[in-house]
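The primary structure of each chain is shown beneath.
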Amino acid sequence: MSLLTDLVNLNLSETTEKIIAEYIWIGGSGMDIRSKARTFPGPVSDPSKLPTWNYDGSSTGQAPGDDSEVILYPQAIFKDPFRRGNNILVMCDCYTPAGEPIPTNKRHNAAKIFSHPDVVAEEPWYGIEQEYTLLQKDVKWPLGWPVGGFPGPQGPYYCSAGADKAFGRDIVDAHYKACLYAGINISGINGEVMPGQWEFQVGPAVGISAGDELWVARYILERITEIAGVVLSFDPKPIQGDWNGAGAHTNYSTKSMRNDGGYEVIKSAIEKLGKRHKEHIAAYGEGNERRLTGRHETADINTFLWGVANRGASIRVGRETEKNGKGYFEDRRPASNMDPYVVTSMIAETTIIGKP
């Protein structure tokens, strides 16, 4: 195995200028992350300099077998923490050969919203708190839990240390450093309330980059758990009962909210979000009704309410924002399996463009 490790870790720059680009895209389920690699003659830093590519969409649930070609358009480049050197990860979105976005391409519409002049002027910032659960590979039961049984009740696990409380820290820390290496603006990690559950935060990121960075961070985490022999779950309620679910709380601000007088802008934005609560909930992730029950730090899925420092609300405003009269707010409704392109652009559309 040592020879295999040596070969995996070969530094290509010692013998060639050629680089490997891993093209990444989102598959037919909306949560399956696919990728494949190709060689280029030298380093590339601009996605517009990369060619389109194609794949068999009939094997990903995105095209029929008799017309299976789907085209990958490179959109964002990150450094590859696995191959290192000048090798890159390339986030792509997906189109038909005629150039039309396929139905699962949520980035295309998000990019249109983020290019709207009113949205551009407001410079929307996002910070996304991605929760996830690590599962034992063969039994699909949370890491650190006795097989077929349960650990002690919630309480000692959140932000904990110790072999009986924190499970999978090596995976979490490897992911943290790999994201920093890749150029993702990952801003922190922490252990969550349910044992075996963790969180990482991406942001602040502006506009469409929030979705690109979160998707590539998810891809890197999938690769690391693959190496570790652990299964990664974004299920919003992986274990039924008195256990916390998994969300993707989305922190948000605009230039007007960050400036003096921004608190009034924040309250106006929250009012707009309340009027479109059902539409947002429908787009905020599958199975979210199992998580948004009014318990375990959530508001009931059918109820919209906001409050200062209230973790049982749909929208939480921080004490510091209230005190300063400007800042940001947190949308606590998105599930862990939400599409960040959909969520970030929808928040901008509702609060800035003012879609009724």
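You'll find the structure just up there.
Numbers given for residues are sequential positions, taken from 1 along each chain in its written order. Under the rules for a predicted model, residues below a pLDDT of 70 receive no local features and side-chain atom pairs below 80 are neither given nor counted, while totals for whole chains, interfaces and linings still include all residues. The basis for the side-chain values is all heavy atoms of the structure; hydrogens and waters are excluded.

**Q** Tell me about the overall build of the protein, residues and numbers included.
**A** Numbering of helices and strands runs from the N terminus, with a helix taken as a DSSP run of H or I at least four residues long and a strand as a DSSP run of E at least two residues long. If you tally the helices and strands in the protein, you get 10 helices and 13 strands. Relative to its length of 356 residues, the protein is compact, with a C-alpha radius of gyration of 21 Å against a globular reference of 21 Å. Projecting the C-alpha coordinates of the protein onto the three principal axes gives extents of approximately 60 × 55 × 40 Å. The burial tally for the protein puts 51% of its 356 residues in the buried class. Throughout, the Shrake-Rupley method with a 1.4 Å probe supplies accessible areas, and for residues the shown protein chains are the sole cover considered. Carbon together with sulfur atoms contributes 51% to the accessible area of the protein, which is approximately 16,200 Å² in total. With the radius of gyration taken over C-alpha atoms, the globule rule is written as 2.2 Å times the number of residues to the power 0.38. In this scheme, a residue with accessible area under 20% of its type's maximum is buried, one over 50% is exposed, and one in between is partly exposed, where area comes from a 1.4 Å probe on protein chains only.

**Q** Can you lay out the pattern of salt bridges for me, pointing to particular residues and giving the numbers?
**A** Opposite charge on two side chains permits pairing when their charged atoms draw close. Salt bridge, as used here, is a side-chain nitrogen of Lys or Arg placed within 4 Å of a carboxyl oxygen of Asp or Glu. Considering all chains together, one arrives at 18 salt bridges under this definition. Among the charged side chains, a salt-bridge network with shared partners connects E297, R316, E330 and R332.

**Q** Please give an account of the nonpolar core that cites residues and values.
**A** Ranked by size, the top nonpolar core spans 60 residues in total, and within it Y132, I184, I220 and F329 carry the most contacts. When residues of this core are assigned to their parent elements, the largest contribution, 9 residues, is made by helix 5 (residues 209–228). In this analysis, two residues are considered to be in contact whenever any of their non-hydrogen atoms come within 4.5 Å of each other. Once you skip the residues sitting within four places of it in the chain, I184 turns out to touch F78, C179, V202, E213, V216, A217 and I220. In this structure, W25, F40, W53 and V90 belong to the second largest nonpolar core, which totals 17 residues. Put simply, buried Ala, Val, Leu, Ile, Met, Phe, Trp, Tyr and Cys residues joined by side-chain atoms within 4.5 Å make one nonpolar core.

**Q** Summarise the pairing of strand 10 (residues 248–253); cite the residues concerned and give the values.
**A** Here strand 10 lies mainly inside the structure; 6 of its 6 residues are buried. On strand 10, burial covers both faces: A248, T250 and Y252 on one face and H249, N251 and S253 on the other are all buried. Pairing of strand 6 (residues 125–136) with strand 10 involves 6 bridges; the strand directions are antiparallel. When the bridges of strand 10 are listed, G127 appears paired with N251. Any two strands are treated as partners once DSSP identifies two or more bridges connecting them.

**Q** So what's going on with the side chain of S253? Residues and values would help.
**A** Structurally, the position occupied by S253 is in strand 10. Not counting the four nearest positions on each side in its chain, S253 is found in contact with E123, P124, W125, R258, G327 and Y328.

**Q** Give a description of the packing of aromatic side chains that names residues and reports values.
**A** Side-chain rings of Phe, Tyr and Trp (the six-membered ring for Trp) are treated as a pair once their centres are within 6.5 Å; stacked means planes under 30 degrees apart, edge-to-face means over 60, and tilted covers the remaining angles. If you walk through the whole model with that rule in mind, you get 12 aromatic pairs. Centroid distance Y132 to F200: 6.0 Å. Interplanar angle 50°. Geometry classified as tilted. Taken together, the residues Y132 in strand 6 and F200 in strand 8 (residues 197–206) connect sequence positions 68 residues apart. Between Y252 and F329, the aromatic rings sit 5.5 Å apart at their centres with planes inclined by 70°, giving edge-to-face as the arrangement. Within this pair, whereas Y252 is found in strand 10, its partner F329 is found in strand 13 (residues 329–331), the two being separated by 77 residues in sequence. Chaining the aromatic ring pairs together yields one cluster made of F114, Y126, Y252 and F329. Two limits define a charge over a ring: the Lys NZ or Arg CZ must be within 6 Å of the ring centre, and within 35 degrees of the ring normal. It is K79 that lies over the ring of Y181; its NZ or CZ is 4.5 Å from the centre. The positively charged end of R218 is found above the aromatic ring belonging to W215, 4.7 Å away from the centroid.

**Q** So, the side chain of E192: which residues are in play, and what are the values?
**A** On the secondary structure map, E192 appears in the loop between strand 7 (186–191) and strand 8. Counting rule applied: Lys, Arg positive; Asp, Glu negative; His and chain ends not counted. Here E192 is buried and forms no salt bridge, its nearest opposite-charge partner R311 lying at an N-O distance of 8.0 Å. Throughout this description, a polar contact denotes any pair of N or O atoms lying within 3.5 Å of each other; where both atoms belong to protein, one of them has to be capable of donating a hydrogen while the other can accept it, and for residues adjacent in sequence the pair is counted only when both atoms sit in side chains. Within the local environment of E192, its side chain forms a polar contact with the side chain of N190, the two groups lying 3.2 Å apart. Setting aside residues up to four positions removed in sequence, E192 forms contacts with E131, Y157, Y158, Q197, W198 and E199.

**Q** Account for the environment of R258, with residues named and values stated.
**A** Its location among the elements puts R258 in helix 6 (residues 255–258). Judged by relative accessible area, R258 falls into the buried class, the value being 18%. Residues R258 and N324, spaced 66 residues apart in sequence, show a C-alpha to C-alpha distance of 9.8 Å. Once you skip the residues sitting within four places of it in the chain, R258 turns out to touch E122, E123, W125, S253, K326 and G327. For R258, the side chain forms a polar contact with the main-chain oxygen of E123, separated by 2.9 Å. Here S253 takes part through its side chain, which lies 2.8 Å from a polar atom of the side chain of R258.

**Q** Tell me what's going on with the sheet that holds strand 2 (residues 33–40), and back it up with residues and numbers.
**A** One open sheet holds the 5 strands; their spatial order is 2-1-5-4-3, and the pairing between them is mixed. Across the chains shown, the open sheet's two edge strands, defined by having one partner strand only, are strand 2 and strand 3 (53–56). Sheet twist, expressed as the average angle between the axes of neighbouring strands with direction ignored, equals 40°. Pairing analysis gives 8 bridges linking strand 1 (residues 19–26) to strand 2, with the strands arranged antiparallel. Each bridged residue has a counterpart across the sheet, and for W25 the counterpart in strand 2 is R34. Packed onto the sheet, helix 5 meets strand 1, strand 2, strand 4 (69–79) and strand 5 (88–95) and runs at close to 115° relative to strand 5. Convention adopted: a line fitted to C-alpha atoms gives each axis, helices being fitted over their contacting stretch, and angles between N-to-C directions are expressed from 0 to 180 degrees.

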